[in-house]
Amino acid sequence: MAASDLSGLKPVYLIFGKEELLLERALRRLRDMVAAEGDPDFDFDSFSGENAKADDVIAAANTLPFLAPRRLVIVRDA
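Please read all numbers here as calculations on a predicted model, not as lab measurements.

(A) A look at the pattern of salt bridges. Scanning the model with the defined rule gives three salt bridges in all. Of the charged contacts, one joins Asp43 and Arg71 as a salt bridge, the two residues approaching to 3.8 Å between their closest N and O atoms. Pair noted here: Asp43 is in the loop between helix H1 (20-35) and strand S1 (44-48) and Arg71 is in the loop between helix H2 (54-62) and strand S2 (72-76), with a separation of 28 residues, a long-range link. Of the two residues, Asp43 and Arg71, neither departs from the other in class, the shared state being buried.

(B) Geometry of the layout of surface pockets. Roughly 930 Å³ of internal volume is contained in the largest pocket. Lining the largest pocket are 28 residues; nearest its centre among them are Tyr13, Ile15, Val73, Ile74 and Val75. Elements supplying a minimum of two residues to the lining of the largest pocket: H1 and S2. Considering each element in turn, the lining of the largest pocket owes the most residues, six residues, to H1. Residue composition of the lining of the largest pocket, grouped by class: 19 nonpolar, two polar and seven charged.

(C) Representation of the pairing of S2 within the structure. As paired strands, S1 and S2 are joined by five bridges and run parallel to one another. Directly across from Ser48, in S2, lies its bridge partner Arg76. Tracing the backbone out of S1, into H2 and back to the parallel element S2 gives a crossover that is right-handed.

(D) Focus on a negative patch on the surface. On the surface, Glu19, Glu20, Glu50 and Asp77 cluster together into a negatively charged patch. Of note, Glu19 is situated in the segment before H1.

The rules behind the values
- Residues numbered from 1 in each chain as written.
- Predicted model: local features only at pLDDT ≥ 70, side-chain atom pairs only at ≥ 80, totals over all residues.
- Heavy atoms only, no water.
- Salt bridge = Lys/Arg side-chain N within 4 Å of Asp/Glu carboxyl O.
- Helix = DSSP H or I, 4+ residues; strand = E, 2+ residues; numbered from the N terminus.
- Buried < 20%, exposed > 50% of the residue type's maximum accessible area, 1.4 Å probe, protein only.
- 1 Å grid on protein atoms, 1.4 Å probe; cavity = no way out; pocket = protein on both sides within 12 Å on 5 of 7 lines; lining within 4 Å.
- Points joined across faces, edges and corners; volume = space filled by probe spheres on them.
- Nonpolar A, V, L, I, M, F, W, Y, C, P; charged D, E, K, R; others polar.
- Pairing = 2+ DSSP bridges.
- Right-handed = clockwise from strand over helix to strand, strands pointing away.
- Patch = residues over 30% accessible without salt bridge, like charges linked within 9 Å, V, L, I, M, F, W, Y side chains within 5 Å.
- Areas by Shrake-Rupley, 256 points an atom, 1.4 Å probe, with all protein chains shown as cover.
- Lys, Arg positive; Asp, Glu negative; His and termini not counted.
- Charge placed at Lys NZ, Arg CZ, Asp CG, Glu CD.

Spelled out as structure tokens, the structure:
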């Protein structure tokens with residue numbers, strides 16, 4: 001999927017595996033695609049699965065985006 005064609009983005013992605021390099025590449029690609037739509041500083045949240053509370057992650061996912069049509073919420077080590 002090209003960075004300019006964002007209509008194919010799904011609402012949720014599960015990216016997992018043992019290869020850290022491949023995980024980071026996939027995450028960076030997804031982050032770059034979302035950032036192409038607007039300012040990622042306002043519409044981005046990242047959580048550590050070890051410390052995050054489910055209510056906080058859900059609240060971030062349910063928050064409407066500010067300067068873009070969508071927001072990105074990342075939970076690492078879920």
